Amino acid sequence: DANLIDVKVSDDGGNATILDVLYGLQFAVDFKDQLGIRVINLSLESTVPQSYKVDPLDAAVEAAWFKGLVGVAAAGNRGVASDAVSYAPGNDPYVISVGGTDDGGTRNLSDDELASWSARGVTQDGIAKPEINAPGARIVSNLAPGSQFATLCPTCVLTGGMIRAGGTSMAAPMVAGA
């Protein structure tokens, strides 16, 4: 009984500017009551690490939060790099950032672990991130027609227009959905 609203902010190649994302967030704010939007999944991040206090993407996500929307963002795939959690919007204290776990490809819980690529650490503003981890490895999802992903990872492509991929962008929707 989920009511999913797709607000596509990227082009056919999967590229988006900060302005594209700001327009998408504004759409969610403007139509939250009409469409019943309560949670925004942001499986993306900016390309420049900067404080949430000055980043325009962080400001927009916070504005959405103050309008009653919960923001859930990918923590990033930089593992334990010194700037791993320093990118908007996952670095914002008003956002639930999500790291990724790896179940080892088995049903046995004893081999489940935090994925090595899952970003974790402290932001440039001293905030520990992510707040939560969710399944992020070998997740099956839709493959956009004509997507460059099929060329980048041909072994990830499954029959029926599906892919099997991993990353915190795959983990964040797990939390947004929950």
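Calculation notes
- Residues numbered from 1 in each chain as written.
- Predicted model: local features only at pLDDT ≥ 70, side-chain atom pairs only at ≥ 80, totals over all residues.
- Heavy atoms only, no water.
- Helix = DSSP H or I, 4+ residues; strand = E, 2+ residues; numbered from the N terminus.
- Rg over C-alpha atoms; globule rule 2.2 N^0.38 Å.
- Expected span 1.5 Å × (residues − 1).
- Bend = angle between axes of the 7 residues up to and from the residue.
- Buried < 20%, exposed > 50% of the residue type's maximum accessible area, 1.4 Å probe, protein only.
- Contact = heavy atoms within 4.5 Å.
- Phe/Tyr/Trp six-rings, centres within 6.5 Å; stacked < 30°, edge-to-face > 60°.
- Lys NZ or Arg CZ within 6 Å of the ring centre and 35° of its normal.

K.L.:
Talk me through the overall build of the chain; I want residue IDs and the actual numbers.
P.N.:
Within the chain, the secondary structure is distributed over four helices and 10 strands. Secondary structure elements of the chain occur, N-terminal to C-terminal, as α-β-α-β-β-β-β-β-β-β-α-β-β-α. For the chain, the C-alpha radius of gyration of 16 Å lies close to 16 Å, the compact-globule estimate for 178 residues. C-alpha extents for the chain along the principal axes are approximately 40 × 35 × 30 Å.

K.L.:
With reference to specific residues and values, describe helix α1 (residues 18-35).
P.N.:
The first and last C-alpha atoms of α1 sit 24 Å apart over 18 residues, in line with the 26 Å expected at 1.5 Å per residue. Along α1, the largest kink reaches about 35 degrees and is centred on Val29. Here α1 has its buried residues at Val21, Gly24, Leu25, Ala28, Val29 and Lys32. Structurally, α1 contributes buried residues whose contacts are with β1 (39-42) and α2 (56-66). Gly36 lies just past α1 and shows a positive phi near 75 degrees.

K.L.:
Go over the side chain of Ser86, please, and point to the residues and values.
P.N.:
As for its position among the elements, Ser86 is in the loop between β2 (70-74) and β3 (95-102). With relative accessibility at 6%, the residue Ser86 sits in the buried group. Beyond its immediate chain neighbours, meaning those up to four positions away, Ser86 contacts Pro49, Gln50, Asn91, Thr123 and Gln124.

K.L.:
Which residues make up the environment of Gly166, and what values go with them?
P.N.:
Within the element layout of this structure, Gly166 appears in the loop between β10 (162-165) and α4 (168-177). Looking at Gly166, the relative accessible area reads 46%, which means it is partly exposed. Considering only alpha carbons, one finds Gly166 and Ala88, 78 residues apart in sequence, at a separation of 20 Å. In contact with Gly166, not counting residues within four places along its chain, are Trp117, Gly136, Ala137 and Arg138.

K.L.:
Account for the packing of aromatic side chains, naming residues and giving values.
P.N.:
Enumeration over the complete set of coordinates arrives at four aromatic pairs. Judged by centre distance (5.0 Å) and plane angle (85 degrees), the ring pair of Trp65 and Phe66 falls under edge-to-face. Judged by its relative accessible area of 37%, Trp65 falls in the partly exposed class. Residues Phe66 and Tyr94 carry aromatic rings whose centres are separated by 5.2 Å and whose planes lie at 50 degrees to one another, so their mutual orientation is tilted. With Phe66 in helix α2 and Tyr94 in the loop between β2 and β3, this residue pair connects regions lying 28 residues apart in the sequence. Given the relative accessible area of 55%, Phe66 is considered exposed. Note on Tyr94: relative accessible area 31%, which makes it partly exposed. Put simply, the rings of Trp65, Phe66 and Tyr94 touch in pairs and so form one group of aromatic residues. Here the basic side chain of Arg78 rests over the ring of Tyr87, its NZ or CZ set 3.7 Å away from the ring centre.

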